[in-house]
Amino acid sequence: MMCLRSRVLLLQWLLVAGCPRDSFAFTEEPADRAAKPDAFCSWILRAQPQGARKEGHSEFRLRVEGDPDNYQPGSTYRVTLYATNPAYFRGFTLIALKEGRNGEKEEDYAGTFQIIDEEDTQFMTNCPPAVTESTPRRRTRIQVFWTAPSPGNGCVLLKASIVQRKIISFQDEGSLTKRMCEKEPLYGEATDKPLLDCCACGTAKYRVTFYGNWSEKLHPKDYPRRANHWSAIIGASHSKNYVLWEYGGYASEGVKQVAELGSPVKMEEEIRQKGDEVLTVIKMKAQWPAWQPLNVRAAPSAEFSVDRTRHLMSFLTMLGPSPDWNVGLSAEDLCTKDCGWVQKLVQDMIPWDAGTDSGVTYESPNKPTFPQEKIRPLTSLDHPQSPFYDPEGGAITPVARVVVERIARKGEQCNIVPDNVDDIVADIAQEEKEEDDTPETCIYSNWSPWSACSSSTCEKGKRMRQRMLKAQLDLSVPCPHTQDFEPCMGPGCSDEDATTCMMSEWITWSPCSVSCGLGMRSRERYVKQFPEDGFACTLPTEETEPCTVNEDCSPSSCLVTEWGEWDACSATCGLGMKRRERMVKMPPSDGSICGAEVVEVEKCMMPECHTIPCLLSPWSDWSDCSVTCGKGTRTRQRMLKSPVELGECSEELEQVEKCMLPECPSDCMMSEWSEWSECNKSCGKGHMIRSRKIKLEPQFGGDPCPESIQRKKCKIRKCNQGSDERKRRNEARKKRKNKDGADELAGCKMKPWSGWTDCTKLCGGGIQERLMTAKKRFKSSQLTSCKDRKEIRACNVHPC
């Protein structure tokens, strides 16, 4: 009976595919197999229609984009089933089966399919893991997404069946079966994946989205409730000749500053210094706190491009607070083997250690690692105090997930298999651009992060961000300001602050404070997610209300308060006693003595005597940064509460850590003035010039550069306008001229004047120089009479 039911189900599927009922004859199964109950979807594999072909046929092919031999657990792949011209097919079935399984149980299937076009494909009604056609018609290709299973599932077989008229092609091997095995991750060693040359054409545009899953719910051990955050994300699309970071490598100064301080400034500087090795700089804002529901705060994202030479993508972000822990991708290749671009990449991430600090907990004090160690992923066996420690050595729960999706392509594409209509539409879609009124002739750096608000109260203040003018290509077009201000108030003053504070549900009410009569009871809730600015929630966490127990109390009963706190132990070391009390609120109504105890005493044990106990207060809040800009330090203290007579305590009472604020303004630096030039006239009124050079351009809002050229008047003697005098001077000059046109000074033969040098400025007043050097010194000449000569004149004196 069960065997008959399997045949009926398969027959239904064949009829949906457009095949006549009389075209099929089923083979008989052995008796012991027929006796088994209908085993999930295994009937798809067991049924053999008449005329089924088992040999490999090249007109149909099952293909996974990129033709990978291995899958990354949790990653998504595009799966295409297509026929070569002139072949076609009417129906199909697609399954993903664990290698060595027969499909009789639900757990025999691996991963999940995702429908791309509901008009073309659907999940099979009587076999949910399988994908089939929505309507039977002629088609040459279909596409679905397949998300690989979690780690530990081994090899997977993607198997397809094709219905073409009266023939079903279902191949156990060949072009309709694709075998993929789980990719083995490499931990603690440099990545050895080959960085192949990319053969793709044109460019591709991607959107990367970062989903932070680091929360108290998933990682409860020592979770830092107040200060948890992700630092600003920094990365790039780049060539194989540049490595931002990699397992087994050493952290650069930029990586170190991200890992320890959460500052992306140095990392961005390193990236931009690579010039043509980088195509796009990837930047996303910091997230305070580290986790919030997506309906409260959208996941941060950024767009970037890749091309044939710069087809790798890397990024990193700090897990804060932490010694030097980060997450990120390193040299992720978005180019496929068949000369196309990856459609989608999903990657779960665990934190890694930058090798620059030896702390083992989230809030460990600074402890630089010397010598510096290699970058490695954290494990659950690193240290018993680690928040990720697991004595059984299990896998660390991922703290983040990153999704990279292709959103457009440009230029001629050369991949072998064409993509669907959705890809073509995405390629020709117009790209949105943010409004920016900055002239194209003004080249700026990116804006720095906003500074802290100048007001720490609810009074209005302001905060500032800065950028640097790198170049002004057209001096006639003014460049906008390099500083930006906006109003702000101190933390917790915004009307919307309370809405960002996520609270748990109220827990049940506590028992009534009395066993008879009128008392009080309370209930509590806790903060699930603190406000984005990291400050305390203003919503209440406790409620109280009156309660009544046994309204008709017996005359002999009495009403007492709750027990008070325990007194301090009577001994500072060794064995002592402590006590607590409560009071009678209402004596018995019959005048009798209340029998309830009002004093309770118990033993207490302090540290053994003759030792040095360290009774310490909690740590104070961190002080303000020691500087108002740039790198500095901040401190926190705690106090020794144990008596001094017990001896000296060796515990540290002060901690110091690094802090970093926006870069300090840097004023323009000029060289010293040169000597005054000779007067530009030999008689009458003239002028002399001196100049100085710019040694350092102003940065981050520093003072601008002052003038670089000065001139002053000079007067040698009055000029004689008589013709006789001019003739005499001309004749004397002709005598000094040699045959090469050079001047002949006393005891020297000089070379002709050199040409004037280029003007030092295009406008605003520059200088030019020319030289005359000695060609020959006569024996009778003195050294002082044969000096090289230099002339200076002004140039381009028109205003800019």
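Summarised in this report is the structure supplied together with it. These numbers were taken from a predicted model, which means no experiment stands behind them. (Residues numbered from 1 in each chain as written. Predicted model: local features only at pLDDT ≥ 70, side-chain atom pairs only at ≥ 80, totals over all residues. Heavy atoms only, no water.)

Across its full length, the protein carries 7 helices and 44 strands. Out of the 800 residues belonging to the protein, those deemed buried represent 39%. Sequence-distant contacts, at least 24 apart, represent 68% of the contacts inside the protein between residues at least 6 apart. Counting only carbon and sulfur atoms, one obtains 51% of the accessible surface of the protein, whose full area is about 46,700 Å². (Helix = DSSP H or I, 4+ residues; strand = E, 2+ residues; numbered from the N terminus. Buried < 20%, exposed > 50% of the residue type's maximum accessible area, 1.4 Å probe, protein only. Contact = heavy atoms within 4.5 Å. Areas by Shrake-Rupley, 256 points an atom, 1.4 Å probe, with all protein chains shown as cover.)

Now for a nonpolar patch on the surface. A surface patch of nonpolar side chains, about 230 Å² in accessible area, is lined by Met577, Val599 and Val601. You can see Val599 is positioned in strand 34 (residues 599–605). (Patch = residues over 30% accessible without salt bridge, like charges linked within 9 Å, V, L, I, M, F, W, Y side chains within 5 Å. Salt bridge = Lys/Arg side-chain N within 4 Å of Asp/Glu carboxyl O.)

What the 4 strands build is an open sheet, ordered 1-3-8-5; its pairing is antiparallel. Each edge of the open sheet is held by one strand with a lone partner, namely strand 1 (60–64) and strand 5 (112–115). Pairwise comparison of adjacent strand axes, ignoring direction, gives a mean angle of 25 degrees for this sheet. Pairing analysis gives 4 bridges linking strand 5 to strand 8 (residues 141–147), with the strands arranged antiparallel. Within the sheet, the bridge partner assigned to Ile115 lies in strand 8 and is Val144. (Pairing = 2+ DSSP bridges. Axes fitted to C-alpha atoms, helices over the stretch in contact; angles between N-to-C directions.)

A separate point is the state of the cysteines. Here a disulfide denotes a covalent bond joining the sulfur atom of one cysteine to the sulfur atom of another. One pass over the structure, following the stated rule, counts 11 disulfides. With its sulfur 1.9 Å from that of its partner, Cys155 forms a disulfide with Cys181. Here the disulfide of Cys155 and Cys181 is right-handed, its torsion about the S-S bond being about 100 degrees. Placement of Cys155 in the loop between strand 8 and strand 9 (156–164) and of Cys181 in strand 11 (residues 177–182) is noted, with a sequence separation of 26 residues between them. Like Cys181, Cys155 is buried. In this model Cys668 forms its disulfide with Cys705; the gap between the sulfur atoms is 1.9 Å. (Disulfide = S-S within 2.5 Å.)

Here we take up a positive patch on the surface. Taken together, the side chains of Lys685, Lys713, Lys715 and Lys718 make up a positively charged region of the molecular surface. Within the secondary structure, Lys713 is located in strand 40 (residues 709–715). A relative accessible area of 79% places Lys713 in the exposed class. (Lys, Arg positive; Asp, Glu negative; His and termini not counted. Charge placed at Lys NZ, Arg CZ, Asp CG, Glu CD.)

Applying the stated criterion across every chain, the model contains 14 aromatic pairs. Ring geometry for Phe89 against Phe92: centres 6.5 Å apart, planes inclined by 85 degrees, an arrangement best described as edge-to-face. Using a relative accessible area of 0% as the deciding quantity, one classes Phe89 as buried. On the numbers, 6.2 Å between centres and 80 degrees between planes, the contact of Tyr362 with Phe388 is edge-to-face. In this pair, Tyr362 sits in the loop between strand 20 (352–353) and strand 21 (376–377) while Phe388 sits in the loop between strand 21 and strand 22 (400–410), placing the two residues 26 residues apart along the sequence. (Phe/Tyr/Trp six-rings, centres within 6.5 Å; stacked < 30°, edge-to-face > 60°.)

The next thing to look at is the packing of helix 4 (residues 253–261) against helix 5 (residues 265–272). With their axes 7 Å apart at the nearest point, helix 4 and helix 5 run at an angle of 155 degrees to one another. The angle between the axes of helix 4 and helix 5 places the two elements in the roughly antiparallel class. In terms of crossing hand, the pair formed by helix 4 and helix 5 is left-handed. Counting all contacts with helix 4, which are made through Glu253, Gly254, Val255, Gln257 and Val258, the residues of helix 5 involved are Lys266, Met267 and Glu270. Residue classes in the contact of helix 4 with helix 5 are distributed as 3 nonpolar, 2 polar and 3 charged. (Parallel < 35°, antiparallel > 145°, perpendicular 65-115°, else oblique. Left-handed = near helix turned anticlockwise from the far one by under 90°. Nonpolar A, V, L, I, M, F, W, Y, C, P; charged D, E, K, R; others polar.)

Attention now goes to the sheet that holds strand 19 (residues 344–349). Sheet strands pair via backbone hydrogen bonds, and the direction of the pair is either parallel or antiparallel. Within the open sheet, the 4 strands sit side by side as 16-12-22-19. Their pairing is antiparallel. A single partner strand is all that each edge strand has here, and the edge strands are strand 16 (301–306) and strand 19. Geometrically, the sheet is characterised by an average inter-axis angle of 20 degrees between neighbouring strands, direction not taken into account.

Formed by 37 residues in total, the largest nonpolar core has its most connected members in Tyr206, Val208, Phe210, Trp230, Phe304, Met313 and Val404. Taken together, the elements giving at least two residues each to this core come down to strand 12 (203–212), strand 15 (278–284), strand 16, strand 17 (312–320), strand 18 (325–333), strand 19 and strand 22. The leading source of residues in this core is strand 12, at 4 residues. The contact partners of Val208, leaving out residues within four places of it in the chain, are Ile282, Met284, Pro300, Ser301, Ala302, Phe304, Met313, Val402, Val403 and Val404. In this structure, Val64, Ala83, Ala148 and Ala160 belong to the second largest nonpolar core, which totals 27 residues. (Core = buried A, V, L, I, M, F, W, Y, C linked by side-chain atoms within 4.5 Å.)

Of note, Ser237 is situated in strand 14 (residues 233–238). Ser237 gets classed as buried once you look at its relative accessible area, which sits at 0%. Discounting residues that sit within four places of it in the chain, Ser237 has contacts with Glu277, Val278, Leu279, Thr280, Ile282, Phe304, Ser305, Val306, Leu312 and Met313.

What helix 5 keeps buried is the set Met267, Glu268, Glu270 and Ile271. All buried residues of helix 5 fall inside an arc of 160 degrees around its axis, so they share one side. Turning to helix 5, the residues buried within the fold contact strand 14, helix 4, strand 15 and strand 17. (Arc of directions from axis to C-beta.)

Here strand 9 lies mainly inside the structure; 9 of its 9 residues are buried. Burial along strand 9 is two-sided: Val156, Leu158, Ala160, Ile162 and Gln164 and Leu157, Lys159, Ser161 and Val163, pointing in opposite directions, are all buried. Bridge count for strand 4 (residues 91–98) against strand 9 is 8 bridges, and the pairing is antiparallel. Paired with Phe92 across the two strands is Ile162, which belongs to strand 9. The pairing of strand 9 with strand 11 spans 4 bridges and is antiparallel. Opposite Leu158, over in strand 11, you have Lys178 as the bridge partner.

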